Amino acid sequence: MISCKTTGDAVTAQQAVPRGEISEIPRGKLCGPGYHPGMNDKLIGRSVLRLEDIRFLTGRGRYVADIADPDALWGHVLRSPHAHALIERIDTAAAAKHPGVRGVFTSTDLAELGAMPCMAAVSPLIVPPRFALAVERVRHVGDPVAFVVAESAEAAREAAELVEVDYGALPSVVEGRAAIDDRAPQLWPQAAHNTAFHIHKGDAAAVAQAMKGAAHIVEIDVMNNRVVVAPAETRAGIARYDAATDSFDLELTGQGLHGIRRQLAEFVFKLPLDRIRLHAPDVGGGFGTKNFLYPEWILLLWATRKLGRTVRWEADRAEEFVASAQGRDIAAKARLALAHDGRFLALDIEMVANLGAYLSGNGPGAAAVAASTAHGGVYDIPAIAVDVRGVFTNTVPVDAYRGAGKPEANYITERCIEAAARTLGFDPAELRRKNLIASFPHRTAMGMNIDSGGFVDNLDRAVVLADVAGFETRRAEARARGRLRGLGIACFLETSRGAPNEGAEIRFETDGAVTVAVGTESNGQGHETAYAQIAAERLGVPMAAVRYVQADTRAVKSGAGHGGARSMHMGGAAVVKAIDAAIARARATAANLLQASEAELVLEAGAFAVRGTERRIPLLGIARESGAAVGEHVMNMTDVFTFPSGCHVAEIEIDPETGAAALVRYTAVDDYGRLINPMLTEGQVQGGVTQGIGQALLEHTVYDADSGQLLSGSFTDYAVPRAADLPSFDIALVERPTAANPLGVKGSGQAGCIAAPQTVMAAVLDALKPAGVQAIDMPATPERIWRALTRCGGARPHTSS
């Protein structure tokens, strides 16, 4: 096979490649024999330029804020300034009289509506009621208190300032471990010690036995810091109501629309599903946070019905900091037991997950469900036990954020291994290699069946690609410049699936197009391109003929969204099955049109032909000739996981005078199975790695312990990574197809941010090792690094004159 280097130059003249044509650079692909640019029958595995980018780069993207409706009313949410307080009085009279105001609503007005559900599969689970507007008490800064609707956004905002609310301030608690203390204020009477759930997984008895016989036990106490999820586009929605049919239409910046619709219909408005339509135009990023039901969606629907007018709402950035679901925030203690030779014997984990003031739609799932699939990572650890507790605090609710539990689980495992290597004198790479799972299939101690992988090979390749052998020379050179340089190496295991089952529909249209309607939803991943590649190759039609439909509960029959790196694994497999079903249906129609039996037909080059004759009809012409669309909807019913994996290496330089850390090299060797579009895959990895770097070095969500105020409430105080913070990434993609789906794909959307945090932190700790620093939590900000160095007496590298 011909190897095409993954790190080759990107195609820059994107506008020169018409929709559906192929880039002449097969970037990142092990190209099969017979490859020629422009071939239409070998699209899977080729770096086709993103079809959607033409409209994005030329200003023709269509986001909620772009949708003009001059007659629409505007909503504004009045939010609590307190972290915890009783609502003693609300007076809306002055606000209601403000010019242009059409309504000011509080929880009393919405009393007919049901509470927002928590759909997490965790049991037992205490789920206190969460309503669209706070009832009697607010529990975090930003808790919605009133909804003002006016003729303009300015009028609504001005009127909100006239709403008078008397609060009775109450004590608050913002940290997870502090919340379970007997002295902590209680958020909910039904949740003793502020605990929503407390569950145990794994085999505690086996772990205890292994600990008794261990030669070494390494203990860590780490914090997986809370992050503010900051997609480029803030949340927004436009709601419409049709009184004649008593039905709703909500256009929103959402993901997982079928699930949100079900919650709105079944739990809140108590209506049949078909009475509520949800649809999304282009969505500018999400990373999980737009997957959930929010109070604002309820408020918009309720207000449009109440007022008989279209109502819209757009969050500003400050609002998103206190109203949109946040991520991570898990404190963990762990013990790793080792034999004399470094073999892992057992892993014991205790986690406290800060869930915020309410249970978001899948909030408990990350810590209680998803994390348990990835504990132990890529290592053969015979016994694992996990104690995990989810607690309420006076903070913004937490939910799934890119990786959703898998980053937290991998971080704990890798930090344990790094601590063992440092304290026991093992080489970090060799200690990992000694314990990597090397034969497949493999059943983990947590019950996951890993079907395939190349964990040892990933590590060996990464060590070579990163030139680990030459690192000490680079460390010495940095020392001569007065810098502390460190190298970190870490592995990761993703357990990719998300929600089980997914649907897809393939339909040959009378206008000569083929519609691909899928229940997964893109907000930047490139689905419009990847699905078109799959459909075009398997049908033998041009990519330009593929019409992609997503994110519309009326146009797409079913769907579970894209969370959990599931789109190609679940949605792609559904598309393949729907293609097979649609071809079977089209075959019957074609046989009738060609006056032949189905057995006489052969499908070749995108057309049905009658064997031994010149009679043929293109797939794209069948619907036109028959006068009706021809297609099938298919459900891909499966709960099988795939297991993306990899090994990453980071190098960092620290200025000991200021604590400033600069990431100077980053290498990754990753396995995502068969690659549909290597360029898109590499882009996903780059984005995920960047977010993981941000969490490790920059992103620090800080609540004041006394007042519960969010101190990092804007980009002035909350740092996200910029291009200047990043080195050039050296990423190698290794294809090891899985048998878990017909495409052989494994899922790449989350892996980068699963791998990067522990890799970067290992590099930080290695750099600080000469100073005697043994532990530091994310984010490793200059202040934290400087304080750690100061506590250890500082570290002034020897400099040569």
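Each remark here, short or long, concerns the structure printed above.
Just so we're clear, the structure is a prediction, and the values are computed from it rather than from any experiment.

Cut-offs applied
- Residues numbered from 1 in each chain as written.
- Predicted model: local features only at pLDDT ≥ 70, side-chain atom pairs only at ≥ 80, totals over all residues.
- Heavy atoms only, no water.
- Helix = DSSP H or I, 4+ residues; strand = E, 2+ residues; numbered from the N terminus.
- Rg over C-alpha atoms; globule rule 2.2 N^0.38 Å.
- Areas by Shrake-Rupley, 256 points an atom, 1.4 Å probe, with all protein chains shown as cover.
- Lys, Arg positive; Asp, Glu negative; His and termini not counted.
- Charge placed at Lys NZ, Arg CZ, Asp CG, Glu CD.
- Salt bridge = Lys/Arg side-chain N within 4 Å of Asp/Glu carboxyl O.
- Pairing = 2+ DSSP bridges.
- 1 Å grid on protein atoms, 1.4 Å probe; cavity = no way out; pocket = protein on both sides within 12 Å on 5 of 7 lines; lining within 4 Å.
- Points joined across faces, edges and corners; volume = space filled by probe spheres on them.
- Contact = heavy atoms within 4.5 Å.
- Expected span 1.5 Å × (residues − 1).
- Buried < 20%, exposed > 50% of the residue type's maximum accessible area, 1.4 Å probe, protein only.
- Core = buried A, V, L, I, M, F, W, Y, C linked by side-chain atoms within 4.5 Å.
- Phe/Tyr/Trp six-rings, centres within 6.5 Å; stacked < 30°, edge-to-face > 60°.
- Lys NZ or Arg CZ within 6 Å of the ring centre and 35° of its normal.
- Arc of directions from axis to C-beta.
- Axes fitted to C-alpha atoms, helices over the stretch in contact; angles between N-to-C directions.
- Polar contact = N/O pair within 3.5 Å; in protein donor to acceptor, adjacent residues only side chain to side chain.
- Nonpolar A, V, L, I, M, F, W, Y, C, P; charged D, E, K, R; others polar.

Digging into the overall build of the protein
Part 1 of the argument: When you go through the protein residue by residue, the secondary structure sums to 19 helices and 30 strands.
Part 2 of the argument: Here the C-alpha atoms of the protein give a radius of gyration of 28 Å, agreeing with the 28 Å that 2.2 N^0.38 yields for 801 residues.
Part 3 of the argument: Across its three principal directions, the C-alpha atoms of the protein cover 85 × 75 × 55 Å.
Part 4 of the argument: Within the structure as shown, the protein displays about 29,800 Å² of accessible surface, and the carbon and sulfur contribution to it stands at 51%.
Part 5 of the argument: Charged side chains of the protein number 80 positive and 92 negative; the gap between the two group centres comes to 3 Å.

A short note on the pattern of salt bridges
Part 1 of the argument: Counted under the stated rule, the structure contains 52 salt bridges.
Part 2 of the argument: Here Glu783 makes a salt bridge to Arg787, at a shortest N to O gap of 3.0 Å. In this pair, Glu783 and Arg787 are both assigned in helix H19 (residues 782-791), four residues apart and thus about one turn of the helix distant.
Part 3 of the argument: Members of the salt-bridge network, linked through shared partners, are Asp467, Arg474, Glu477, Arg481, Arg485, Glu651, Glu653 and Arg665.

Overview of the sheet that holds strand S4 (residues 85-91)
Part 1 of the argument: Spatial ordering of the open sheet is given by S6-S4-S8, a layout of three strands whose pairing is antiparallel. The open sheet has two free edges, formed respectively by strand S6 (137-138) and strand S8 (164-169), since each of these has just one partner strand.
Part 2 of the argument: Across two bridges, the pairing between S4 and S6 is antiparallel. Opposite Ala85, over in S6, you have Val138 as the bridge partner.

Focus on the layout of surface pockets
Part 1 of the argument: Roughly 470 Å³ of volume is contained in the second largest pocket.
Part 2 of the argument: If you go around the second largest pocket, you meet 20 residues; those closest to its centre are Val174, Glu175, Met223, Asp329 and Thr701.
Part 3 of the argument: When residues of the lining of the second largest pocket are traced back to their parent elements, those giving at least two are helix H4 (176-179), strand S15 (330-338) and strand S16 (344-354).

Section: the environment of Cys416
Part 1 of the argument: Structurally, Cys416 is set in helix H10 (residues 406-424).
Part 2 of the argument: The spacing of Cys416 and Ala337 is 79 residues in sequence and 9.7 Å in space, taken between C-alpha atoms.
Part 3 of the argument: If we ignore the near neighbours within four places in the chain, the residues touching Cys416 are Val218, Ile220, Ala334, Leu336 and Leu347.

Re H10
Part 1 of the argument: Between its terminal C-alpha atoms H10 stretches 27 Å, which fits the 27 Å expected from 19 residues at 1.5 Å a residue.
Part 2 of the argument: In terms of residue burial, H10 counts as a mostly covered element, since 16 of its 19 residues are buried.
Part 3 of the argument: Following H10 by one or two positions, Gly425 has its phi on the positive side, about 85°.

A look at the nonpolar core
Part 1 of the argument: Among the nonpolar cores identified, the biggest contains 109 residues, and Met351, Tyr666, Ile693, Val760, Val764, Leu768 and Ile776 are the most heavily contacted of them.
Part 2 of the argument: Take this core: its biggest share by element is eleven residues, from helix H18 (residues 751-768).
Part 3 of the argument: Those residues in contact with Val760, other than ones at most four positions away along the chain, are Ala650, Ile652, Leu663, Tyr666, Ile693, Ala696 and Leu697.
Part 4 of the argument: The next biggest cluster of nonpolar side chains, apart from the first, holds 49 residues, and it includes Val514, Met568, Ile583 and Ile622.

Focus on the packing of aromatic side chains
The geometry of an aromatic ring pair comes down to the distance between the two centres and the angle between the two planes.
Part 1 of the argument: On inspection of all chains with the given rule, the structure shows twelve aromatic pairs.
Part 2 of the argument: Centre to centre, the rings of Trp188 and Tyr358 are 5.6 Å apart; their planes meet at 65°, and the pair counts as edge-to-face. With Trp188 in the loop between H4 and strand S9 (195-202) and Tyr358 in the loop between S16 and helix H9 (363-374), the pair connects residues that are 170 residues apart, well separated along the chain.
Part 3 of the argument: What links up through ring pairs into an aromatic cluster is the set Tyr241, Phe248 and Phe269.
Part 4 of the argument: Across from the ring centre of Tyr294, 4.0 Å away, lies the NZ or CZ of Arg235, which sits over that ring.

Concerning helix H3 (residues 153-160)
Part 1 of the argument: Within the sequence span of H3, burial applies to Ala153, Ala155, Ala156, Ala159 and Ala160. Considered in projection along H3, the buried side chains sweep an arc of 165° and stay on one side of the axis.
Part 2 of the argument: Those residues of H3 that are buried are in contact with strand S3 (73-79), helix H2 (93-97), strand S5 (101-105) and strand S7 (144-150).

Topic: the pairing of strand S21 (residues 502-508)
Along any regular strand the residues' side chains alternate between the sheet's two faces.
Part 1 of the argument: The buried count for S21 comes to six of seven residues, which makes it a mostly enclosed element.
Part 2 of the argument: As paired elements, S21 and strand S22 (residues 514-518) share five bridges and run antiparallel to each other. Following the sheet pairing, Glu505 is matched in S22 by Ala517.
Part 3 of the argument: Hairpin connection of S21 to S22: five residues between the antiparallel strands, including Gly512 at a positive phi of 90°.

Some thoughts on the environment of Val122
Part 1 of the argument: Residue position: Val122 is located in the loop between S5 and S6.
Part 2 of the argument: A residue is classified by how much of its surface remains accessible, and Val122, at 10% relative accessible area, is buried.
Part 3 of the argument: The spatial distance from the C-alpha of Val122 to the C-alpha of Pro382 is 25 Å, given a sequence separation of 260 residues.
Part 4 of the argument: When sequence neighbours within four positions are dropped, the list of residues in contact with Val122 reads Phe197, Pro364, Gly365, Ala368 and Val369.

Side note on the sheet that holds strand S17 (residues 383-391)
Part 1 of the argument: The strand order across the open sheet formed by five strands is S9-S17-S16-S15-S10, and the pairing between neighbours is mixed. Looking at the sheet topology across the chains shown, the edges are occupied by S9 and strand S10 (216-224). The mean angle between the axes of side-by-side strands here comes to 10°, regardless of whether they run parallel or antiparallel.
Part 2 of the argument: Of the strand pairs in this sheet, S9 and S17 are connected by seven bridges, and their pairing is antiparallel.

Focus on the pairing of S3
Part 1 of the argument: Counting buried positions along S3 yields six of seven residues, so the element is predominantly enclosed.
Part 2 of the argument: With two bridges connecting them, S3 and strand S14 (residues 311-314) associate as parallel partners. Residue Trp74 lies in a different strand from S14, and its bridge partner there is Arg312.
Part 3 of the argument: Where S3 lies against S7, six bridges are found, and the strand directions are antiparallel. Across the sheet, Trp74 pairs through a bridge with Ala150, a residue of S7.

Things to note about the side chain of Gln525
Part 1 of the argument: Summarising the element assignment, Gln525 is placed in the loop between S22 and helix H14 (527-539).
Part 2 of the argument: Residue class for Gln525 comes out buried when judged on its relative accessible area of 18%.
Part 3 of the argument: A polar side-chain atom of Gln525 sits 2.6 Å from the main-chain amide nitrogen of Asn523.
Part 4 of the argument: Only 3.3 Å separates the side chain of Gln525 from the side chain of His562, close enough to count as a polar contact.
Part 5 of the argument: Residues within four places of Gln525 in sequence aside, it is in contact with Arg50, His562, Leu680 and Gln684.

Quick word on empty space enclosed by the protein
Left-over empty space is what a probe sized like a water molecule reveals as it rolls over the atoms.
Part 1 of the argument: Scanning the model with the defined rule gives seven cavities of 30 Å³ or more in all.
Part 2 of the argument: As a volume, the largest cavity reaches approximately 90 Å³.
Part 3 of the argument: Along its surface, the largest cavity is lined by 15 residues, and Arg130, Tyr294, Pro295, Ala323 and Pro397 are the ones closest to its centre.
Part 4 of the argument: Looking at the lining of the largest cavity, its residues break down into seven nonpolar, four polar and four charged.
Part 5 of the argument: Its volume calculated, the second largest cavity comes out at about 80 Å³.
Part 6 of the argument: For the lining of the second largest cavity, the secondary-structure elements that each account for two or more residues are S16 and H9.
Part 7 of the argument: Broken down by element, the residue count for the lining of the second largest cavity peaks at three residues, all from H9.

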